[in-house]
Amino acid sequence: MRSKSQVVVVGAGAFGGWTALFLLRRGAQVTLLDAWGPGNSRSSSGGETRIMRGTYGPDQPYTKMAARALRLWKEHETRWARQFFHRTGVLWIATSENARYERSSLPMLREAGIAYEELSGREVGQRWPQMNVEDVRWAIYESESGYLTARTACQAVVEGFRAEGGEYKQIAVSPRDLEAGIRDGLLLSDGSRLAADQFVFACGPWLSQLFPETIGARRIRPTKQDVFFFGAPAGDACFAEPKLPVWADNRDRFIYGIPAADGRGFKVADDTRGPEFDPTSGERAVSEAGLKMIRDYIAFRFPAMKGAPLIETRVCQYENSPDNHLIIDRHPKAKNIWLVGGGSGHGFKHGPAVGEIVARLLMEDEDPDPLFQLARFEK
Ligand SMILES: Cc1cc2nc3c(=O)[nH]c(=O)nc-3n(C[C@H](O)[C@H](O)[C@H](O)COP(=O)(O)OP(=O)(O)OC[C@H]3O[C@@H](n4cnc5c(N)ncnc54)[C@H](O)[C@@H]3O)c2cc1C
């Protein structure tokens, strides 16, 4: 009899890294695998930054989950003497008085204990004169929210995991026959096999390829998302942290940005789902049409940045579930396989909260919240 439960976690992104860490802390013997490394440039958790906010409209339980996650992010900053979270505040702009998403967020924020103010368009313009507020009716300002570092945080989680006794290997899992269950161990890219009691697949956009029947493109559809970084004038203090908060602009399109940080430029992106994208072989070049749209937007909302040079771009992919809710469930035919993903453009912030949940489910042999189960797609 082995004394410890053995678990293999595949994928060291925002979900897998934290899951591996919390499984370890619950007493499991954990091996974490990743094909290209934590926060690699193909992964959805790659890149510099991700927004940490509680405004979620009626799409719950994410406001409370974000509040729990932020506590965990901060706890680990202290524990590891690292900075992940930047408290710039998050400004959520509403261009109509009765904006349903924003209005329905307010009671959720209150209930979750996330600090916020309601600002009029005029107040937004007074606080942040860099912004053109002519169509801003009101806004939610989450003063205690902000952004997280992404790639470096994933790397730090794996470092922390290893320091606490976890084993990490950079190696790929073969997609062959996973749907049939894992009997003689997990087949790895070097031809070896890795046995364990339970397996967690936190493979982001790759889940659909690894489990074509159970997940497939109808359950997780990776879409190409372009991210643009513009250069502010030399010596600028208006478009960089801490002079500007993270902002989210819910107009005909949902456009968001993060102030220039760490010398990286003023980040702007469109949340509209792009074309389907292969996370392994997709070419990561932004579209001309996307760039033009973003330039027009900036000229309108941040007039002093009109014509600012594009200094960096990134292409990432969302791993969208059909309802944008997370997927946390056992494989329907193999009870020792867990599938964790479906971040749908909002998963990163929740990483530690998701890791905590998944570790509890596995170690206590509990069933996941029906909202996260695959059976919801059958209804
Ligand atoms: C442009 C963009 C902006 C976003 N903005 C935000 C935001 O502001 N706030 C927010 O909270 N979220 C945001 N998100 C969403 C968030 O980043 C993702 O939901 C989250 O990072 C997904 O993490 P994951 O661990 O599920 O997947 P991933 O990070 O993709 O991790 C999966 C890992 O699995 C590994 N892997 C895959 N196949 C194999 C295999 N066969 N063998 C071994 N390893 C394998 C990969 O290498 C990868 O590292 C954004 C996403 C994008 C693309």
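Residues numbered from 1 in each chain as written. Predicted model: local features only at pLDDT ≥ 70, side-chain atom pairs only at ≥ 80, totals over all residues. Heavy atoms only, no water.

*Asks:* Which parts of the structure should I look at to understand the overall build of the chain?
*Replies:* Along the chain, the regular secondary structure elements total nine helices and 19 strands. Here the C-alpha atoms of the chain give a radius of gyration of 21 Å, agreeing with the 21 Å that 2.2 N^0.38 yields for 379 residues. For the chain, the spread of C-alpha atoms along the principal axes amounts to about 65 × 45 × 40 Å. Each of the 379 residues in the chain was classed as buried or not, and the buried ones make up 59%. Partitioning the intrachain contacts of the chain with sequence separation of at least 6 by distance along the chain shows that 74% fall at a separation of at least 24. Summed over its atoms, the accessible surface of the chain is roughly 15,900 Å², and 48% of this surface lies on carbon and sulfur atoms. In the chain, which carries 49 positive and 48 negative side-chain charges, the distance between the mean positions of the two groups comes to 1 Å. (Helix = DSSP H or I, 4+ residues; strand = E, 2+ residues; numbered from the N terminus. Rg over C-alpha atoms; globule rule 2.2 N^0.38 Å. Buried < 20%, exposed > 50% of the residue type's maximum accessible area, 1.4 Å probe, protein only. Contact = heavy atoms within 4.5 Å. Areas by Shrake-Rupley, 256 points an atom, 1.4 Å probe, with all protein chains shown as cover. Lys, Arg positive; Asp, Glu negative; His and termini not counted. Charge placed at Lys NZ, Arg CZ, Asp CG, Glu CD.)

*Asks:* Teacher, can you tell me more about the pattern of salt bridges here?
*Replies:* Two side chains carrying opposite charge are able to pair once their charged atoms lie near each other. On inspection of all chains with the given rule, the structure shows 27 salt bridges. The partner of Asp135 in a salt bridge is Arg301, and the shortest N-O contact between them spans 2.8 Å. With a gap of 166 residues between them, Asp135 in the loop between α4 (121-127) and β7 (138-142) and Arg301 in helix α8 (residues 288-301) connect regions that are remote in the sequence. Residue class for Asp135 comes out partly exposed when judged on its relative accessible area of 22%. Shared partners join several salt bridges into a network, and the residues in it are Glu48, Arg151, Arg264 and Glu312. (Salt bridge = Lys/Arg side-chain N within 4 Å of Asp/Glu carboxyl O.)

*Asks:* What is the right way to look at the sheet that holds strand β18 (residues 327-330) in this model?
*Replies:* Strand pairing in a sheet takes place through backbone hydrogen bonds and is either antiparallel or parallel in direction. The sheet built from six strands is open, its strands ordered β9-β2-β1-β12-β19-β18 with mixed pairing. Only two strands of the sheet have a single partner each, and these edge strands are β9 (167-170) and β18. The average undirected angle you get between the axes of adjacent strands in this sheet is 15°. Packed on one face of the sheet, helix α1 (residues 14-25) meets β1 (6-10), β2 (29-34), β12 (198-201) and β19 (337-341) and runs near 165° to β2. Against the sheet, helix α9 (residues 351-364) engages β1, β12, β18 and β19, with an angle of about 165° to β19. (Pairing = 2+ DSSP bridges. Axes fitted to C-alpha atoms, helices over the stretch in contact; angles between N-to-C directions.)

*Asks:* Before we go on, may I ask you to explain the site of the ligand in this structure?
*Replies:* The environment of the ligand is made up of 36 residues, and the closest members are Asp34, Ser45, Ile51, Cys316 and Glu319. Here an oxygen atom of the ligand sits 3.3 Å away from a polar atom, N or O, in the main chain of Gly347. Contact with the protein chains removes 97% of the 1,000 Å² of surface that the ligand exposes when unbound. Listed by contribution, the elements that provide at least two residues to the shell around the ligand are α1, β3 (49-52) and β17 (310-320). (Near = heavy atom within 4 Å. Polar contact = N/O pair within 3.5 Å; in protein donor to acceptor, adjacent residues only side chain to side chain.)

*Asks:* Would you take a moment to explain the nonpolar core for this structure?
*Replies:* Among soluble globular proteins, nonpolar side chains are generally buried collectively. Membership of the largest hydrophobic core comes to 49 residues, with the highest contact counts inside it found for Leu23, Trp73 and Val200. Apart from the residues lying within four places of it in its own chain, the contact partners of Leu23 are Val7, Val9, Ala28, Val30, Val200, Ala359, Leu362 and Met363. (Core = buried A, V, L, I, M, F, W, Y, C linked by side-chain atoms within 4.5 Å.)

*Asks:* In this structure, what is going on with α1? I would like to understand it.
*Replies:* Since the α-helix turns once every 3.6 residues, residues separated by three or four places project in the same direction. With twelve residues, α1 should cover 16 Å at 1.5 Å per step; its first-to-last C-alpha distance of 17 Å lies within 8% of that length. Counting buried positions over the twelve residues of α1 gives eleven, a clear majority of the element. Buried within α1 are the following residues: Ala14, Phe15, Gly16, Gly17, Trp18, Thr19, Ala20, Leu21, Phe22, Leu23 and Leu24. Immediately beyond the C-terminal end of α1, within one or two residues, lies Gly27, with a positive phi of roughly 100°. (Expected span 1.5 Å × (residues − 1).)

*Asks:* Even after reading the chapter, I still don't get the environment of Ala217, so can you show me in this structure?
*Replies:* Positionally, Ala217 belongs in helix α7 (residues 216-219). The exposure class of Ala217 is partly exposed, given its relative accessible area of 47%. Between the alpha carbons of Ala217 and Ser321 there is a distance of 9.0 Å; along the sequence they are 104 residues apart.

*Asks:* Explanation requested: the sheet that holds strand β6 (residues 117-120) in the structure shown.
*Replies:* Pairing within the open sheet is mixed, and its eight strands lie in the order β6-β7-β5-β14-β15-β16-β13-β17. The sheet terminates laterally at β6 and β17, the two strands that pair on one side only. Shown here is a sheet whose adjacent strand axes are inclined to one another by a mean of 20°, direction ignored. With four bridges connecting them, strand β15 (residues 254-258) and strand β16 (residues 266-270) associate as antiparallel partners. Counted as the bridge partner of Tyr256 is Ala269 from β16. Those strands touched by helix α3 (residues 100-112) are β5 (90-94), β6, β7 and β14 (246-250), and its axis lies near 30° from that of β7. Relative to the sheet, α8 contacts β5, β13 (221-230), β14, β15, β16 and β17, its axis offset from that of β13 by approximately 50°.

*Asks:* Got a minute to help me understand the packing of aromatic side chains in this structure?
*Replies:* Within a pair of aromatic rings, the relevant descriptors are the distance that separates the centres and the angle that separates the planes. Summed over all chains, the structure comprises 20 aromatic pairs. Ring centres of Tyr56 and Tyr62 lie 5.4 Å apart, and the angle between their planes is 35°; this geometry places the pair in the tilted category. Here Tyr56 falls in the buried class, since its relative accessible area comes to 3%. On the basis of an interplanar angle of 20° and a centroid distance of 5.8 Å, the ring pair of Trp247 and Tyr297 is categorised as stacked. Of this pair, Trp247 sits in strand β14 while Tyr297 sits in helix α8, and the two are 50 residues apart along the sequence. One exposure class covers both Trp247 and Tyr297, and it is buried. Counting every residue linked through ring pairs, the aromatic cluster contains Trp18, Phe22, Trp73, Trp80, Phe84 and Phe348. When the ring centre of Trp36 is taken as origin, the NZ or CZ atom of Arg42, which lies over that ring, is 4.5 Å away. (Phe/Tyr/Trp six-rings, centres within 6.5 Å; stacked < 30°, edge-to-face > 60°. Lys NZ or Arg CZ within 6 Å of the ring centre and 35° of its normal.)

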